[in-house]
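Report on the structure
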Amino acid sequence: MARLAERTTRIAGSATMAVTATVDRLRRAGVEVLDFGAGEPDFATPDAVKAAAHTALDQDFTRYTAVSGIAELKRAIGDRYRADYGVDYADSEVIVSAGGKQALFNAALSLFGPGDEVITHAPCWPTLPEQIKLADASPVLVRTHAEDGFAIGGRAILDAITPRTRGIIINSPCNPTGALITEDDLASIADAAARQGIWVILDLCYEKLIYDAVPHNLPAVLARRCRDLTVLCGSASKAYAMTGWRCGWALAPAPVIAACGAIQSHSTSNVSSITQKAAVAALTGSQETVRAMLDEYRTRRDNLWQWLSADPRLRCRKPAGAFYMFIDVGDVLSGLEPGGFRTSTEFAQALLDESRVAVTPGEAFDAPGFIRISYATSMETLREGTERLLAFVAAHAAPIRRAAAG
Ligand SMILES: Cc1ncc(COP(=O)(O)O)c(C=O)c1O
């Protein structure tokens, strides 16, 4: 076989999606698995959204559309951001893409290139650094820490800026930590970006999943300070339980959107015409379903946290947003005898093999020593899975207790 392109040696496949693939494989083989890996809502897409898709089909709305999306949807996105954040984006400043993932990828390809450094924060969603690498730029990861709830500190980001810094990507609420950046921290980043001509990309894919009424008008902070350098990326996936429909978007100055559109025109073209009609219904219809899902996630989060607190070796805080509990299992790992698992990847594998519970190891997010539990799953699954996890930890950490007692 001829050799693969050099860029394939610089990137790794999605470790989060690998967990989903393993669960699928086991289930097809008849093995019952409790899945805490999936990074997607377990709810059905709201009825009104599905009805809009049926109508689109019935009306034969099945042809190519404009690459950047139908005008109706671009307006719906602009209107949503105006209503939610008070920011103004014209149709020429909006593009519809195949999920937030493609919106972010288009932006990375449009803005970054060889020799550029792009700062983001870790633990992070693994796609962000990989996309930076696919754009031939270098990711610079600023570490956030469990001790302060993985706060995304403005100072730490500013300290990482060098003359080669070309962009800063902020993900708030953050996957996997659930942390939010404060408006003040983002303002300090925006001011530096404006002074030094650095792009700021905001990944808002979990923007509708914030549990308390804390200030989080990040689009307005950026619009006031560095609008010309700002790219907002959002998605219908998590907010409207539409992961499979593949609909996300970017809002940015028209030249950036034009560049994203050119790239998209030569790769995937438009998002499915049917999906686009469904997304219009999602964005313009009642937002009651979004609120109802958030309420259910909050209850799950609180219960899960309560159950996990039964074992102090599973150290975690209640996340402020998204639907993940990010747990420090370092105490379990360090106490094991030789031959036990020593990394969170080994921990996750053993938990799957022995207890049939799938979690995502921290290594997937550049955070060894942690595991991520997605609570976008039913309360019964959460309860049963947590019991198995607690039993698993008790079994494997028993030597520590005996050693401590002795
Ligand atoms: C932080 C973050 N950003 C963006 C996305 C993209 O999601 P989608 O492409 O489904 O919109 C995800 C998906 O898991 C995510 O976790």
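Right above here is the structure, for reference.
The notes below deal with the structure included here. (Residues numbered from 1 in each chain as written. Predicted model: local features only at pLDDT ≥ 70, side-chain atom pairs only at ≥ 80, totals over all residues. Heavy atoms only, no water.)

Side note on the packing of aromatic side chains
- Across all of its chains, the model carries 11 aromatic pairs by this definition.
- When the centroid spacing of 4.9 Å and the interplanar angle of 65° are considered together, the rings of Phe323 and Tyr324 count as edge-to-face. Of the two residues examined, Phe323 and Tyr324, each falls in the buried class.
- Their ring planes at 85° and their centres at 5.9 Å tell us that Phe326 and Phe365 sit as a pair that is edge-to-face. Of the two residues, Phe326 is situated in strand β9 (residues 324-328) and Phe365 in the loop between β11 (360-361) and β12 (370-374); the sequence distance between them amounts to 39 residues.
- Ring pairs connect the aromatic residues Phe43, Tyr206, Tyr297, Phe323 and Tyr324, which therefore count as one cluster.
- The side chain of Arg227 reaches across the aromatic face of Tyr89, ending 4.3 Å from its centre.
- A cation over a ring is seen here: Lys277 above Phe61, with NZ or CZ 4.7 Å from the ring centre. (Phe/Tyr/Trp six-rings, centres within 6.5 Å; stacked < 30°, edge-to-face > 60°. Buried < 20%, exposed > 50% of the residue type's maximum accessible area, 1.4 Å probe, protein only. Helix = DSSP H or I, 4+ residues; strand = E, 2+ residues; numbered from the N terminus. Lys NZ or Arg CZ within 6 Å of the ring centre and 35° of its normal.)

Remarks on the side chain of Ser172
- Tracing the chain through its elements places Ser172 in the loop between β5 (165-171) and α7 (183-196).
- Given a relative accessible area of 0%, Ser172 falls into the buried group.
- Looking at Ser172, its side chain comes within polar contact range of the main-chain nitrogen of Ile181, at 3.0 Å.
- Apart from residues lying up to four places away in sequence, Ser172 is in contact with Ala179, Leu180, Ile181, Asp203, Leu204, His216 and Leu218. (Polar contact = N/O pair within 3.5 Å; in protein donor to acceptor, adjacent residues only side chain to side chain. Contact = heavy atoms within 4.5 Å.)

Overview of the layout of surface pockets
- Put simply, the largest pocket is a space of about 530 Å³.
- Every residue lining the largest pocket is counted, 26 residues in all, and those nearest its centre are Met17, Gly39, Lys101, Trp125 and Lys238.
- Of the residues that constitute the lining of the largest pocket, the class distribution is seven nonpolar, 13 polar and six charged.
- When we break the lining of the largest pocket down by domain, the ones giving at least three residues each are domain 1 (6-44 + 288-405) and domain 2 (61-284). (1 Å grid on protein atoms, 1.4 Å probe; cavity = no way out; pocket = protein on both sides within 12 Å on 5 of 7 lines; lining within 4 Å. Points joined across faces, edges and corners; volume = space filled by probe spheres on them. Nonpolar A, V, L, I, M, F, W, Y, C, P; charged D, E, K, R; others polar. Domains from an automatic or database assignment.)

Some thoughts on helix α8 (residues 218-226)
- Those residues of α8 that sit buried are Leu218, Pro219, Ala220, Val221, Leu222 and Cys226.
- Next to the buried residues of α8 lie α3 (71-85), α7, β6 (199-203) and β7 (230-235).
- The residue sitting at the N-terminus of α8 and contributing the capping side-chain oxygen is Asn217; that oxygen lies 3.0 Å from the backbone nitrogen of Ala220.

Some words on the pairing of strand β2 (residues 94-97)
- Side chains Val94 and Val96 of β2 all project onto a buried face; the interleaved residues Ile95 and Ser97 project onto the opposite face, where all are buried too.
- As judged from the four bridges shared by β2 and strand β8 (residues 248-251), these two strands associate in the antiparallel manner. Across the sheet, residue Val96 finds its bridge partner in β8, namely Trp249. (Pairing = 2+ DSSP bridges.)

A short note on the nonpolar core
- Ranked by size, the top nonpolar core spans 77 residues in total, and within it Leu73, Ile77, Tyr81, Phe112, Ile170, Ile201 and Val231 carry the most contacts.
- Tallying contributions element by element places α7 first for this core, with six residues.
- Setting aside residues no more than four positions away along its own chain, Ile170 makes contact with His121, Ile152, Ile157, Ile181, Leu186, Ile189, Ile201, Leu202 and Asp203.
- Formed by 41 residues, the second largest nonpolar core is a distinct cluster that contains Tyr211, Leu294, Ala350 and Val359. (Core = buried A, V, L, I, M, F, W, Y, C linked by side-chain atoms within 4.5 Å.)

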